[in-house]
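The primary structure of each chain is shown beneath.
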Amino acid sequence: MNGGDGGGGKGGEVAAGAGKGKEAGAGAALEWRFAQVFGERAAGEEVQEVDIISAIEFDKSGNHLATGDRGGRVVLFERTDTTDHGINRRDLEKMDFSTRRHPEFRYKTEFQSHEPEFDYLKSLEIEEKINKIRWCQTANGTLFLLSTNDKTIKFWKVHEKKVKKISDMNVDPKALMGNGSIRNLNNDFSFPREGIPSLRLPAVTSHETSLNARCRRVYAHAHDYHINSISNNSDGETFISADDLRINLWNLEISNQSFNIVDVKPQNMEDLTEVITSAEFHPTHCNLLAYSSSKGSIRLIDLRRSALCDSHAQLFEEPEIPGSRSFFTEIIASISDIKFSKDGRHILSRDYMTLKLWDINMNSGPVATFKVHEYLKPKLCDLYENDSIFDKFECCLSGDGQRVATGSYSNLFRVFGCAPGSTEATLEASKNPMRKQVQTPSRPARSLGSLTRVVRRGSESPDVDANGTSFDFTSKLLHLAWHPTENSIACAAANSLYMYYA
């Protein structure tokens, strides 16, 4: 996935967006346009399982984007557009129109982060699939990031390395071999009788640079269950990793020791009622973190209270409506992803049916609920039969906290505005985001087992919503990320990375 395709100028397709931003009025709709695509799939081309994107993450500056795939590779992209686009300030002041363009990215480098392994003690195969990527603080132009598969977390350093060459030698360059040695130099060699007019010592120069990715640390053997989350702390020194039953706290500099801060494993596993599904540090308070559960609750914990955070500082859950409970209630209530807003005031959660926005100062209920899969309510039995009900969709917030987004089926994603009266947008991950078409069924995504999963196979044929629009449950947009400072979204459709801007 190292090819790119730019677009989205005047001829770009437009879709009505959602929300109220700092530059938009209340309820004003955004116009979403196609920007770029990397790794676009040709018509009829079969997607290899290892090429399917499984993680997306912008860094804090928004100048770099990382993706991970099921083959254990991490691909990095860097931003290429600038604020003035080569136009000097005087000419900009004379212009009576905006020269703002969409963010443009280019392929930077890629490296193999994880390899398939086998746990001989448990007779368990460990996939190389990248579950999560998190950027760490940069230093002197060097990039640092964390990547994890089901069991092992790795700390990567990506930097430019100068290629050194030897130059300014006395020997005729034509007499040099490829490795820098001299041809036909034997014991009979003698200096000319008239001497050498000037003797130049070889000099080491570096004109070219190459990107080098090096694994600095490996954090392993700390999780009995599959890792579902990693999150950096705002202190720049620590991070957490979470599996189904435990959350561990790590120091970036220490790879052979971690501290267990949350443990929900009961003494008797038959008493297990819920598992951890996602965890994230507060963006500014290094002592606060939140984690979600398969029962639809979010717990905010304070690390200052105790070493083992058995009790929570806040519990966020929506009261169950009397008489509404069914066989599927707990399955669709399971939260697949949580994200803090940039200022840390709100938490966005995604369950199978909805997006919910929570105020961390108000635990009585969500401040906003966005219905994503309302049309699927009558089809829960079918979704259970074909395992789609266990799909884990991610969510994201805009940098100003005024809009939220999440993925859906048929490679669609939805953008909602948080302000009262805001509109919403449903876009397709393609060059024409408003195109209405029936997706070509692709190979069903291989999913990981978990404690809440019941493996059953059934029909995987496309279905339709209340409006008659065809939906393909094998083409699902699970992963997406919002640019930290601009209205730009990157999303993954199988092996393709699509980018949109407003």
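Predicted model only: the values in this text are computed from it and were never measured.

Sheet architecture is open: 4 strands sit in the order S22-S23-S24-S25, paired in antiparallel fashion. Since the sheet does not close on itself, it has two edges, and those belong to strand S22 (337-340) and strand S25 (368-371), each with one partner. Each adjacent strand pair in this sheet contributes to an overall mean axis angle of 15 degrees, direction not counted. Here 5 bridges tie strand S23 (residues 346-350) to strand S24 (residues 354-359), and the two strands are oriented antiparallel to one another. Within S24, the position partnered with Arg 350 by the bridge is Leu 355.

We note that Ser 123 has phi near 50 degrees; this positive angle belongs to a residue other than glycine. Structurally, Ser 123 can be placed in the loop between strand S8 (117-119) and strand S9 (124-126). Phi angles above zero are rare outside glycine, and Asp 387 is one such case at about 70 degrees. Take Asp 387: its relative accessible area is 5%, and that puts it in the buried class.

As a further point, take the nonpolar core. Trp 32, Phe 413 and Val 415 are the most contacted members of the largest nonpolar core, which has 20 residues in total. Counting residues per element, the ones that place at least two in this core are strand S3 (31-38), strand S28 (412-417), strand S29 (424-428), strand S32 (480-482), strand S33 (488-493) and strand S34 (496-501).

Moving on, we get to the confidence of the model for the protein chain. For the protein chain, the average pLDDT comes to 82, and 76% of its residues sit at 70 or higher. Highest mean pLDDT in the protein chain belongs to strand S10 (residues 132-135) (98); lowest belongs to strand S2 (residues 14-16) (37). Low confidence marks residues 6-26, where pLDDT is under 50. Its contacts with residues over four positions away, or in another chain, come to 69 contacts. Of the regions scoring below 50 in pLDDT, residues 436-462 engages in 59 contacts with residues more than four places distant in sequence or in other chains.

Within the structure shown, the criterion is met by 22 aromatic pairs. Judged by centre distance (5.4 Å) and plane angle (85 degrees), the ring pair of Phe 327 and Tyr 384 falls under edge-to-face. Within this pair, whereas Phe 327 is found in the loop between strand S21 (314-316) and helix H2 (329-333), its partner Tyr 384 is found in helix H3 (residues 380-385), the two being separated by 57 residues in sequence. When its relative accessible area of 56% is taken as the criterion, Phe 327 is described as exposed. Their ring planes at 50 degrees and their centres at 6.0 Å tell us that Tyr 384 and Phe 390 sit as a pair that is tilted. Given the relative accessible area of 8%, Tyr 384 is considered buried. Given the relative accessible area of 11%, Phe 390 is considered buried. Following the ring pairs from residue to residue traces out a cluster consisting of Phe 34, Phe 413, Tyr 498 and Tyr 500.

Attention shifts here to the pairing of strand S14 (residues 229-232). Sheet topology note: the S14/strand S15 (residues 238-242) ladder contains 4 bridges and is antiparallel. For Ser 231, the partnering residue across the bridge sits in S15 and is Ile 240. Linking S14 back to S15 in an antiparallel pair, the connection comprises 5 residues, with Gly 236 at a positive phi of about 75 degrees.

Moving on, we get to the state of the cysteines. Considering all chains together, one arrives at 0 disulfides under this definition. The cysteine Cys 396 is free of any disulfide, with Cys 395 supplying the nearest cysteine sulfur at 7.1 Å. Among the residues examined, Cys 396 registers a relative accessible area of 5% and is labelled buried.

Enumeration according to the criterion identifies 27 salt bridges in this entry. The closest approach of N and O atoms between Arg 73 and Asp 51, which form a salt bridge, is 2.6 Å. Here the residue Arg 73 occupies a position in strand S6 (residues 73-79), and Asp 51 occupies one in the loop between S3 and strand S4 (53-58), the gap between them amounting to 22 residues. A relative accessible area of 28% means that Asp 51 is categorised as partly exposed. Across the salt bridge formed by Arg 73 and Asp 69, the nearest N and O atoms sit 3.0 Å from each other. One network of salt bridges, in which partners are shared, links Lys 122, Asp 224, Arg 246 and Asp 263.

Moving on to the pairing of S24. Within S24, 6 of the 6 residues are buried, which leaves it mostly tucked inside the rest of the structure. Burial along S24 is two-sided: the residues Thr 354, Lys 356 and Trp 358 and Leu 355, Leu 357 and Asp 359 are all buried. Between S23 and the antiparallel strand that follows it, S24, lie 3 residues. Bridge count for S24 against S25 is 4 bridges, and the pairing is antiparallel. Each bridged residue has a counterpart across the sheet, and for Thr 354 the counterpart in S25 is Lys 371.

Turning our attention to the side chain of Arg 134. Examined against the element boundaries, Arg 134 turns out to sit in strand S10. Here the side chain of Arg 134 touches Glu 57 through a polar contact of 3.1 Å, side chain to side chain. Every residue in contact with Arg 134, bar those within four places of it in the chain, is listed here: Glu 57, Leu 145, Leu 146, Ile 230, Ser 231, Asn 232 and Glu 280.

Rules used throughout
Residues numbered from 1 in each chain as written. Predicted model: local features only at pLDDT ≥ 70, side-chain atom pairs only at ≥ 80, totals over all residues. Heavy atoms only, no water. Pairing = 2+ DSSP bridges. Helix = DSSP H or I, 4+ residues; strand = E, 2+ residues; numbered from the N terminus. Axes fitted to C-alpha atoms, helices over the stretch in contact; angles between N-to-C directions. Buried < 20%, exposed > 50% of the residue type's maximum accessible area, 1.4 Å probe, protein only. Core = buried A, V, L, I, M, F, W, Y, C linked by side-chain atoms within 4.5 Å. pLDDT = per-residue confidence, 0-100. Contact = heavy atoms within 4.5 Å. Phe/Tyr/Trp six-rings, centres within 6.5 Å; stacked < 30°, edge-to-face > 60°. Disulfide = S-S within 2.5 Å. Salt bridge = Lys/Arg side-chain N within 4 Å of Asp/Glu carboxyl O. Polar contact = N/O pair within 3.5 Å; in protein donor to acceptor, adjacent residues only side chain to side chain.

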